[in-house]
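# Understanding the architecture of this molecule
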Amino acid sequence: MYEIKYHPLLEEDLKQLNNFVRLEVFKKLKKIQQSPELGLPLGNKNNMNFTGLKKVYVAKKQVRIVYEIINDILVVHIIAIGKREDMEVYKQAEQRR
């Protein structure tokens, strides 16, 4: 099983979500921990290069979890959690990467 590491600003992302969505996020994080390949590859989005990152959807595709897999040390690094509106979650991921 992989270890989950969180970006230091992830707490701010979680505070912006309601309790129901937050619970959904934590359930999905458990699944990612057991099967990191679960996510879809990101590639390029609006001239932002996310090669090597993955995304999974939560709350009927309203929220995304962006993460990277570091296989050599069995770590999943969660970079950003948020809504896609105005590419918000992807902009955060780009800044935090």
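Residues numbered from 1 in each chain as written. Predicted model: local features only at pLDDT ≥ 70, side-chain atom pairs only at ≥ 80, totals over all residues. Heavy atoms only, no water.

## A closer look at the sheet that holds strand S1 (residues 3–6)
This is how the line gets drawn: Two strands pair if DSSP finds at least two bridges between them. Secondary structure elements are taken from DSSP: a helix is a run of H or I of four residues or more, a strand is a run of E of two residues or more, and numbering for both begins at the N terminus. With axes taken as lines fitted to C-alpha atoms, and helix axes fitted only over the stretch in contact, angles between N-to-C directions fall between 0 and 180 degrees. A contact between two residues is defined here by any heavy atoms of the two lying within 4.5 Å.
The strand order across the open sheet built from 5 strands is S1-S5-S4-S3-S2, with neighbouring strands paired in mixed fashion. Two strands in the sheet have a free side with no partner beyond their single neighbour: S1 and strand S2 (40–45). Averaged over all adjacent pairs, the angle separating strand axes in this sheet is 40°, with direction ignored. Packing against the sheet, helix H2 (residues 19–34) makes contact with S1, strand S3 (48–58), strand S4 (63–70) and strand S5 (75–83), and its axis sits at approximately 115° to S3. Helix H3 (residues 88–96) rests against S2, S3, S4 and S5 of the sheet, and its axis sits at about 140° to S5.

## Quick word on the side chain of Lys 45
Put simply, the test is: Buried, partly exposed and exposed residues are distinguished by accessible area as a fraction of the type maximum, computed with a 1.4 Å probe on protein chains only: under 20%, between the cut-offs, and over 50%, respectively. For the purpose of counting charges, residues Lys and Arg are taken to be positive, whereas Asp and Glu are taken to be negative. His and the chain ends are not included. We count a salt bridge whenever a side-chain nitrogen from Lys or Arg sits within 4 Å of a carboxyl oxygen from Asp or Glu.
Structurally, the position occupied by Lys 45 is in strand S2. This buried residue, Lys 45, is left without a salt bridge; Glu 94 holds the nearest opposite charge, at 13 Å.

## Some remarks on the environment of Gly 43
By secondary structure assignment, the location of Gly 43 is in strand S2. What makes Gly 43 partly exposed here is its relative accessible area of 26%. Gly 43 sits 10 residues away from Leu 53 along the chain, and the two C-alpha atoms are 7.3 Å apart. Apart from the residues lying within four places of it in its own chain, the contact partners of Gly 43 are Met 48, Asn 49, Phe 50 and Thr 51.

## Focus on unusual backbone geometry
Trans is the prevailing form of peptide bonds, just as negative phi is the prevailing case for residues other than glycine. A positive phi angle is found at Lys 60, which is not glycine, with a value near 55°. Within the element layout of this structure, Lys 60 appears in the loop between S3 and S4. According to the relative accessible area criterion, Lys 60 is exposed, its value standing at 80%. The phi dihedral of Leu 74 is positive, around 50°, even though this residue is not glycine. Note on placement: Leu 74 falls in the loop between S4 and S5.

## Some points on the packing of aromatic side chains
Geometry of an aromatic ring pair is reported as the spacing of the ring centres plus the angle between the planes. Here is the rule: Stacked, tilted and edge-to-face are the three classes applied to pairs of Phe, Tyr and Trp rings, where Trp contributes its six-membered ring and a pair requires centres within 6.5 Å; stacked means planes under 30 degrees apart, edge-to-face means over 60, and tilted covers the rest. Counting as a charge over the ring demands two things of the Lys NZ or Arg CZ atom: a distance within 6 Å of the ring centre and an angle within 35 degrees of the ring normal.
The full count for this structure, using the stated rule, is 1 aromatic pair. Stacked on the ring of Tyr 57, the Lys or Arg Lys 61 has its end atom at 4.9 Å from the ring centre.

## Considerations on the nonpolar core
Selection rule: In this description, a nonpolar core means a group of buried Ala, Val, Leu, Ile, Met, Phe, Trp, Tyr and Cys residues linked to one another through side-chain atoms lying within 4.5 Å.
Membership of the largest hydrophobic core comes to 19 residues, with the highest contact counts inside it found for Val 25, Ile 65, Tyr 67, Ile 78 and Ile 81. Excluding its chain neighbours within four sequence positions, the residues that come into contact with Val 25 are Leu 14, Leu 17, Val 58, Ile 65 and Ile 81. The next biggest cluster of nonpolar side chains, apart from the first, holds 11 residues, and it includes Leu 42, Phe 50, Val 66 and Met 87.

The quantities given are spatial measurements derived from coordinates; they are silent on function.
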